[in-house]
Amino acid sequence: MTEIKAVCVFCGARNEVPQTHLDVGKAFGTLLAARGIRLVYGGGDCGVMGAVANSVLKNKGLVTGVFPRSLKNLESEHASLSEIIMVESMHERKRIMFERSDAIVVLPGGFGTMDEMFEIITWKQLKFHEKPIVILNHEGYWNPLVELMESIINAGFARSETRSLYTVVDSIDAVIKQVNA
């Protein structure tokens, strides 16, 4: 078993979401900092993304943000990170986030979060990596997505073994157990 030193988190960047999702981001950040696990994420200061990062920082943890210059007009990068890496494209962002982490965790988010998640699952399916991928289905948020993924498998568009590429859990404690499994 590889010791997990850094976790890449994919999650939402909008503030206009239910407080419960921001709270789970904050709680997850606290847990990462307490365990000495570096956060690697998209570098923003908003939404669940900002909640996780701010919580890690508040609890004296380390945070690496990877922020595309092209997003400067859409959202702002976090100004107080341990490390910020400015990149040219979203593809470069995802690659660097992946390279600097030992595991991937998906928290509540939107289309960008799903894009990142599906790409990283596909990379694992193609045997580009063996990193754990854990989806936190906080309060059933990802239920429709999990149902869709099951439908894809059941219809034959993906093998049944695809289920083993990721794990869906419902608590942050379960995330840590799966990341370390």
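What this report covers is the structure whose coordinates are included nearby. (Residues numbered from 1 in each chain as written. Predicted model: local features only at pLDDT ≥ 70, side-chain atom pairs only at ≥ 80, totals over all residues. Heavy atoms only, no water.)

Another point: the overall build of the protein chain. When you go through the protein chain residue by residue, the secondary structure sums to six helices and seven strands. Moving toward the C terminus, one meets the helices and strands of the protein chain in the order β-α-β-α-β-β-α-β-α-β-α-β-α. The globule rule puts the C-alpha radius of gyration for 181 residues at 16 Å, and the 15 Å found for the protein chain is close to it. Seen through its principal axes, the protein chain has C-alpha atoms that stretch 45 × 35 × 35 Å. Relative to its full complement of 181 residues, the protein chain shows a buried share of 49%. Relative to all contacts within the protein chain whose residues are 6 or more apart in sequence, the contacts with residues 24 or more apart total 69%. Entry remark: accessible area of the protein chain is about 9,100 Å², with carbon and sulfur atoms responsible for 52%. (Helix = DSSP H or I, 4+ residues; strand = E, 2+ residues; numbered from the N terminus. Rg over C-alpha atoms; globule rule 2.2 N^0.38 Å. Buried < 20%, exposed > 50% of the residue type's maximum accessible area, 1.4 Å probe, protein only. Contact = heavy atoms within 4.5 Å. Areas by Shrake-Rupley, 256 points an atom, 1.4 Å probe, with all protein chains shown as cover.)

Read across the sheet, seven strands follow the order β4-β3-β2-β1-β5-β6-β7 without closing on themselves; strand pairing throughout is parallel. Unpaired on one side and paired on the other, β4 (83–87) and β7 (167–169) mark the two borders of the sheet. Taking the axes of each pair of neighbouring strands and ignoring which way they run, one obtains an average angle of 25° across the sheet. Where strand β5 (residues 103–106) lies against strand β6 (residues 133–136), three bridges are found, and the strand directions are parallel. Bridge pairing links Val106 to Ile135 in β6. (Pairing = 2+ DSSP bridges. Axes fitted to C-alpha atoms, helices over the stretch in contact; angles between N-to-C directions.)

A few words on helix α2 (residues 47–58). Structural remark: α-helix, 3.6 residues per turn; residues separated by three or four positions point the same way. Taking 1.5 Å of rise per residue, the 12 residues of α2 would be expected to cover 16 Å, and the 16 Å separating its terminal C-alpha atoms lies within 8% of that figure. Most of α2 sits out of view: nine of its 12 residues are buried. For α2, the full list of buried residues reads Gly47, Val48, Met49, Gly50, Ala51, Val52, Ala53, Ser55 and Val56. Elements in contact with the buried residues of α2: α1 (19–34), β2 (38–41), β3 (63–68) and α3 (90–99). Just downstream of α2, Lys60 is the residue with a positive phi angle, here 65°. (Expected span 1.5 Å × (residues − 1).)

Bringing α1 into the picture now. Here α1 is 16 residues long and its end C-alpha atoms lie 23 Å apart, about the 22 Å a rise of 1.5 Å per residue gives. For α1, the set of buried residues is His21, Leu22, Val24, Gly25, Phe28, Gly29, Leu31, Leu32 and Ala33. Each element contacted by the buried residues of α1 is listed here: β1 (6–10), β2, α2, β5, β6 and α6 (172–180). Within two residues after α1, Gly36 carries a phi angle of roughly 70°, on the positive side.

This part takes up the packing of α1 against α2. Describing two packed helices takes the angle between their axes plus the distance from one axis to the other. Put simply, α1 and α2 touch, their axes get as near as 7 Å, and they point 30° apart. Between α1 and α2, the interaxial angle falls into the category roughly parallel. α2 is crossed by α1, and the crossing has right-handed handedness. Here His21, Leu22, Gly25, Lys26, Gly29, Thr30, Leu32 and Ala33 of α1 lie close against α2, whose contacting residues are Gly47, Val48, Ala51, Val52, Ser55 and Val56. Its residues assigned to classes, the contact of α1 with α2 comprises seven nonpolar, six polar and one charged. (Parallel < 35°, antiparallel > 145°, perpendicular 65-115°, else oblique. Left-handed = near helix turned anticlockwise from the far one by under 90°. Nonpolar A, V, L, I, M, F, W, Y, C, P; charged D, E, K, R; others polar.)

This next bit is on unusual backbone geometry. Although it is not a glycine, Lys60 sits at a positive phi angle of roughly 65°. Structurally, the position occupied by Lys60 is in the loop between α2 and β3. Positive phi is not limited to glycine here, since Lys127 has a value of about 65°.

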